[in-house]
Amino acid sequence: MFLKNSDTSQSYLQALENLTSNNRTLFLNLLMEVHSILHRCKVQNEMEMLISLYGPIQDDPFGSLIVAHAAELQIAGVGTLRRNKFGQNLRRYPFKPSGSETTKLDVVIITKDARGIIMELKFGRTSAFQALQQIIDRAYFKVFEKVYKEYDVWRQIFVGVSFSLKNATTLSYLFDSMDYAAAQNVSLSL
């Protein structure tokens, strides 16, 4: 379930669009919007996180996010089509960032001004920093070179999101960097 055309989903889209600098306040704002959506949707697993956070992007009323891809939701992907419990079409999107290993990305966004955002979502005990590490270790950033080359992404933003029903919502991020030492963390406790 996602909050179609709600104030919360519009605020979430605006928070994504506002990620124009390595400003902690901008990422804290994104965290608050992500937290609000995940709590209001009462997500119970990573797939529900994906649907809740991708749905508003897919229906972007601002038209500011020109390319959006979610690993499991139908968009420019290939693979076996099936339906989830919400009745939405699902499609696996295989991506080979390096070697022969095929992986899947959670959310890829390219803004009209060619900023690329990759979000990796984790539910439960996996930390947001581990999600961020996964983006770098599995070379998800190569999607901008291999799949979305025509958009000439000039700024890369990597965001790991961890949501737990009992503890907190945490966001770890890198802005134009692949150096773990530069990673920043913001969190909201319940």
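Not measured: the values here are computed from a predicted model. (Residues numbered from 1 in each chain as written. Predicted model: local features only at pLDDT ≥ 70, side-chain atom pairs only at ≥ 80, totals over all residues. Heavy atoms only, no water.)

Undergrad: Whenever I open this one, the overall build of the protein chain confuses me. Can you help?
TA: Within the protein chain, the secondary structure is distributed over five helices and eight strands. Here the protein chain holds 190 residues, and 51% of them are scored as buried. A sequence separation of at least 24 residues applies to 59% of the contacts in the protein chain between residues at least 6 apart. Counting only carbon and sulfur atoms, one obtains 47% of the accessible surface of the protein chain, whose full area is about 8700 Å². (Helix = DSSP H or I, 4+ residues; strand = E, 2+ residues; numbered from the N terminus. Buried < 20%, exposed > 50% of the residue type's maximum accessible area, 1.4 Å probe, protein only. Contact = heavy atoms within 4.5 Å. Areas by Shrake-Rupley, 256 points an atom, 1.4 Å probe, with all protein chains shown as cover.)

Undergrad: How do you make sense of unusual backbone geometry when you look at a structure like this?
TA: Note: most residues except glycine have negative phi, and most peptide bonds are trans. Here Lys42, not a glycine, exhibits a phi torsion of approximately 55°, which is positive. Counting through the fold element by element, Lys42 comes out in the loop between α2 (24-41) and α3 (46-58). Assessed through its relative accessible area of 61%, Lys42 is described here as exposed. A positive phi angle is found at Asp176, which is not glycine, with a value near 55°.

Undergrad: So what exactly am I meant to see when it comes to α2 here?
TA: Quick reminder: α-helices carry 3.6 residues per turn. Residues three or four places apart thus point the same way. Here α2 contains 18 residues, and its C-alpha end-to-end distance of 26 Å stays within 8% of the 26 Å for a straight helix at 1.5 Å per residue. If you check which residues of α2 are buried, you get Phe27, Leu30, Leu31, Glu33, Val34, His35, Ile37, Leu38 and Cys41. Buried-residue contacts for α2 involve α1 (7-17), α3, β6 (155-163), β7 (168-175) and β8 (184-189). With a side-chain oxygen positioned 2.8 Å from the backbone nitrogen of Thr25, the residue opening α2 is Asn23. Phi turns positive, to about 55°, at Lys42, one or two residues after α2. (Expected span 1.5 Å × (residues − 1). Polar contact = N/O pair within 3.5 Å; in protein donor to acceptor, adjacent residues only side chain to side chain.)

Undergrad: Sorry if this is basic, but what is going on with the packing of α1 against α2 here?
TA: Helix-helix packing: each pair is described by the crossing angle between the helix axes and the interaxial distance. In the contact formed by α1 and α2, the axes pass within 9 Å of each other and the chain directions differ by 150°. The angle between α1 and α2 falls in the class roughly antiparallel. Here the hand of the crossing between α1 and α2 comes out left-handed. Side by side, α1 and α2 meet where Thr8, Ser9, Ser11, Tyr12, Ala15 and Leu16 of the first sit next to Asn29, Leu30, Glu33, Val34, Ser36, Ile37 and Arg40 of the second. Among the residues forming the contact of α1 with α2, the class breakdown is six nonpolar, five polar and two charged. (Axes fitted to C-alpha atoms, helices over the stretch in contact; angles between N-to-C directions. Parallel < 35°, antiparallel > 145°, perpendicular 65-115°, else oblique. Left-handed = near helix turned anticlockwise from the far one by under 90°. Nonpolar A, V, L, I, M, F, W, Y, C, P; charged D, E, K, R; others polar.)

Undergrad: What's the story with the environment of Phe27 in this structure? I'm lost.
TA: With respect to the helices and strands, Phe27 occurs in helix α2. Residue contacts for Phe27: discarding those within four places in its chain leaves Leu19, Ser21, Asn22, Ile157, Val159, Leu171, Tyr173, Phe175 and Val186.

Undergrad: I would appreciate a short explanation of the pattern of salt bridges in the present structure.
TA: It is possible for side chains bearing opposite charge to pair when their charged atoms get close. Within the structure shown, the criterion is met by four salt bridges. Close ionic contact of Asp113 with Arg115 constitutes a salt bridge, the shortest N to O distance being 3.0 Å. The exposure class of Arg115 is buried, given its relative accessible area of 1%. Residue Lys122 pairs with Glu120 through a salt bridge whose shortest N-O separation is 3.4 Å. Among the charged side chains, a network of salt bridges with common partners joins Glu17, Asp113 and Arg115. (Salt bridge = Lys/Arg side-chain N within 4 Å of Asp/Glu carboxyl O.)

Undergrad: What is the right way to look at the pairing of β6 in this model?
TA: Every other side chain in a regular strand lies on the same face of the sheet, so the side chains alternate between the two faces. The buried fraction of β6 is high, at nine of nine residues. Of the two faces of β6, the one carrying Arg155, Ile157, Val159, Val161 and Phe163 and the one carrying Gln156, Phe158, Gly160 and Ser162 are both buried. In this structure, strand β5 (residues 115-123) lies alongside β6, joined through nine bridges in parallel fashion. The partner of Phe123 across the bridge, within β6, is Phe163. Strand direction decides the pairing type here: β6 and β7, joined by seven bridges, are antiparallel. Bridging from a neighbouring strand, Ser162 pairs with Thr170 of β7. (Pairing = 2+ DSSP bridges.)

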